Amino acid sequence: MTSDPFIGQTAGGVYLIERHVADGGIGRVYCGRHLRLGHQVAVKVLSAEHNASLEARHRFEREARIAAELAHPHIVKVYDFDVLPDGNYFLTMEWLEGETLECLLRRGLNSAAIIDILSQLAGAIDFAHAKGAIHRDLKPANVFVISDGLQGKYYAKILDFGIAKMHQHTTGITTQADVIMGTPAYMAPEQAEGTRAIGPAADRYAFAAIAMEMIAGILPHSLNTPSRMLVSLLTGDAQLPSASGTCYQHLDDVFRKAFARHPAARFPSCVAFVEQLIPLLVRHDETPFAPTLQQRRLSVVPSWRRWFLLLIVAAVLGMAGTVGYMMSRAKVHTLTSSPHIEVRDKPVAQTKTVEGPDTAQGSLSGVAVPQSAPPTTTSTPRPKPPRPKKRAQETPDKKTDLELPMPEEVFVP
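Nothing here was measured: the structure is a model prediction, and the numbers come from that model.

Counting its regular elements, the protein chain contains 11 helices and 13 strands. Within the span of the protein chain, comprising 413 residues, buried residues form 37% of the whole. In the protein chain, once contacts between residues fewer than 6 apart in sequence are set aside, the share between residues at least 24 apart is 62%.

Spelled out as structure tokens, the structure:
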């Protein structure tokens, strides 16, 4: 296994890269340490394949510059941007302990946590818009959440301004025409078209999509492929919370406005949207907020438990089948081996009544014997000879398959 070439390098002469922690869209994230001050930092290094692309380098530098200008408590801080000795671009950010909102949603959130996180994100997004920055890829994976286990509080930070647009930095860093950038599940209709100018309303649409996923567990266009989502964005209407259950029906009017197809018909800011949403969440605090769609698909039952349950069901069905088979075999064996019943495949042969002289045991006249087996005379009893199996003349009008045995074999003196 090849060791990571970036671990052990010193970024910018002061940040020692210690270990790899995550992978991003165009780079890798490492835990680093400031050599003089000793505090931890996150070092994001542009991957080698993207480092060779001029557009990727511009996007990486744009992320560093925009984030550095957005000094907000709920936007990740960027400290530095430079080039490693081997030519790879890197930036250093504040080190955060926690998890992404995407991971947190898999466990579900109560109304207090939802209100807290949405209020923090709304203020940060409106702040970025006021500074001229449009994120264009807001989604739970780009929101980092620090949790306080003692008081149950959450502290959210917006990450990844890699495809963000800043009006004063667009010179020489324009987006190509007809290129769709973003994540379809959270994308606004005008963003899916790829031709309209993308403004702050696109971020507000994505923010409302995140809010509905946190509350009702569904997205505006919940389809299984990005292409189908894009078609639905261009031609269909967004889902509302009531699609997940009637208990969310009181939220439909707020989200209907937030998901309006025309950008001007939406809320003027994220804070305005949250201000109308929060009273509805507080009033219906008993509403069972659902986990995300990913949770419903993947985590209803852990994978190893699903396999364990399947094995148990298979074993029970196998045992039931074996018992049923053994019982059916036992019934067949009882019918074929009984001393009183003989199973034949063909109809019985014709019989006739014969009369013989009286013996010492008494009269045996009037007993029916097979025509194909005439009686024999003997003076002393002998062991029962095996009855020969001959094809007897079939009687077409008889349908029975059973023949009752005679009480004794007939011996005529």
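Turning to the packing of helix α4 (residues 111-130) against helix α6 (residues 200-216), a few remarks are in order. Where α4 contacts α6, the two axes come as close as 11 Å, and the packing angle between them is 170°. As summarised for this structure, α4 and α6 are arranged roughly antiparallel, according to the angle between their axes. Here Ile114, Ile117, Leu118, Leu121, Ala122, Ile125 and His129 of α4 lie close against α6, whose contacting residues are Pro200, Asp203, Arg204, Phe207, Ala211, Met214 and Ile215. When its residues are assigned to classes, the contact of α4 with α6 shows 11 nonpolar, one polar and two charged.

If you look at the biggest cluster of nonpolar residues, it comprises 61 residues, and the most contacted ones within it are Leu101, Leu109, Phe207, Met214, Phe255, Phe273 and Leu277. For this core, the secondary-structure elements that each account for two or more residues are α3 (101-105), α4, β9 (143-148), β10 (153-158), α6, α7 (226-235), α8 (252-258) and α9 (270-283). Counting residues per element, this core draws most heavily on α6, which supplies 12 residues. Setting aside chain neighbours within four positions, we find phenylalanine 255 in contact with Ala208, Ala211, Met212, Ile215, Leu240, Pro241, Phe273 and Leu277. Counting 14 residues, the second largest nonpolar core, distinct from the first, contains Ile26, Val29, Ala42 and Leu96.

The strands making up a sheet associate through backbone hydrogen bonding, with each pair oriented either parallel or antiparallel. If you walk across this open sheet you meet the six strands as β1-β2-β3-β4-β6-β5, and the pairing is antiparallel. The open sheet terminates on both sides in strands that have one partner only, identified here as β1 (10-11) and β5 (78-83). As paired elements, β1 and strand β2 (residues 15-23) share two bridges and run antiparallel to each other. Residue pairing across strands places threonine 10 opposite leucine 16, the latter belonging to β2.

The next thing to look at is the side chain of serine 269. Within the fold, serine 269 resides in the loop between α8 and α9. For serine 269, a relative accessible area of 19% corresponds to the buried category. In terms of polar contacts, serine 269 uses its side chain to reach the backbone amide nitrogen of alanine 272, at 3.1 Å. If we ignore the near neighbours within four places in the chain, the residues touching serine 269 are Asp126 and Arg204.

Tallied over the full model, the rule gives eight aromatic pairs. Between phenylalanine 6 and tyrosine 30 the ring centres are 6.0 Å apart and the planes differ by 70°, which places this aromatic pair in the edge-to-face class. Of this pair, phenylalanine 6 sits in the segment before β1 while tyrosine 30 is found in strand β3 (residues 27-34), placing the two residues 24 residues apart along the sequence. Neither phenylalanine 6 nor tyrosine 30 differs from the other in exposure class; each is buried. A ring pair is formed by phenylalanine 255 and phenylalanine 273, whose centres lie 5.5 Å apart and whose planes are at 80°; its orientation type is edge-to-face.

A separate point is the pattern of salt bridges. In the structure shown here, the tally under the stated rule is nine salt bridges. As a salt-bridge pair, glutamate 99 and arginine 107 come within 2.6 Å of each other at their nearest N and O atoms. The partly exposed category is assigned to glutamate 99, whose relative accessible area is 22%. Looking at arginine 107, the relative accessible area reads 58%, which means it is exposed. Here glutamate 190 makes a salt bridge to arginine 266, at a shortest N to O gap of 2.8 Å. One end of the pair, glutamate 190, is in helix α5 (residues 189-193); the other, arginine 266, is in the loop between α8 and α9, with 76 residues separating them in the sequence. A relative accessible area of 2% places glutamate 190 in the buried class. Judged by its relative accessible area of 4%, arginine 266 is buried. The network of salt bridges with shared partners includes Asp4, Asp23 and Arg28.

Positioned with a positive phi, arginine 136 is a non-glycine residue whose angle comes to about 75°. On the secondary structure map, arginine 136 appears in the loop between β8 (133-134) and β9. For arginine 136, a relative accessible area of 10% puts it in the buried group.

It is worth spelling out α6 at this point. Its 17 residues place the ends of α6 24 Å apart at the C-alpha level, agreeing with the 24 Å of an ideal helix rising 1.5 Å per residue. Two residues or fewer after α6 comes glycine 217, characterised by a positive phi angle close to 80°.

This part covers the pairing of β2. Both faces of the sheet carry side chains from a regular strand, because those side chains alternate between them. Between the antiparallel neighbours β1 and β2 lie three residues, among them glycine 12 with a positive phi of about 65°. Where β2 and β3 come together, seven bridges link them in antiparallel fashion. Residue pairing in the sheet places leucine 16 in a bridge with arginine 33 of β3.

The rules we used
- Residues numbered from 1 in each chain as written.
- Predicted model: local features only at pLDDT ≥ 70, side-chain atom pairs only at ≥ 80, totals over all residues.
- Heavy atoms only, no water.
- Helix = DSSP H or I, 4+ residues; strand = E, 2+ residues; numbered from the N terminus.
- Buried < 20%, exposed > 50% of the residue type's maximum accessible area, 1.4 Å probe, protein only.
- Contact = heavy atoms within 4.5 Å.
- Axes fitted to C-alpha atoms, helices over the stretch in contact; angles between N-to-C directions.
- Parallel < 35°, antiparallel > 145°, perpendicular 65-115°, else oblique.
- Nonpolar A, V, L, I, M, F, W, Y, C, P; charged D, E, K, R; others polar.
- Core = buried A, V, L, I, M, F, W, Y, C linked by side-chain atoms within 4.5 Å.
- Pairing = 2+ DSSP bridges.
- Polar contact = N/O pair within 3.5 Å; in protein donor to acceptor, adjacent residues only side chain to side chain.
- Phe/Tyr/Trp six-rings, centres within 6.5 Å; stacked < 30°, edge-to-face > 60°.
- Salt bridge = Lys/Arg side-chain N within 4 Å of Asp/Glu carboxyl O.
- Expected span 1.5 Å × (residues − 1).

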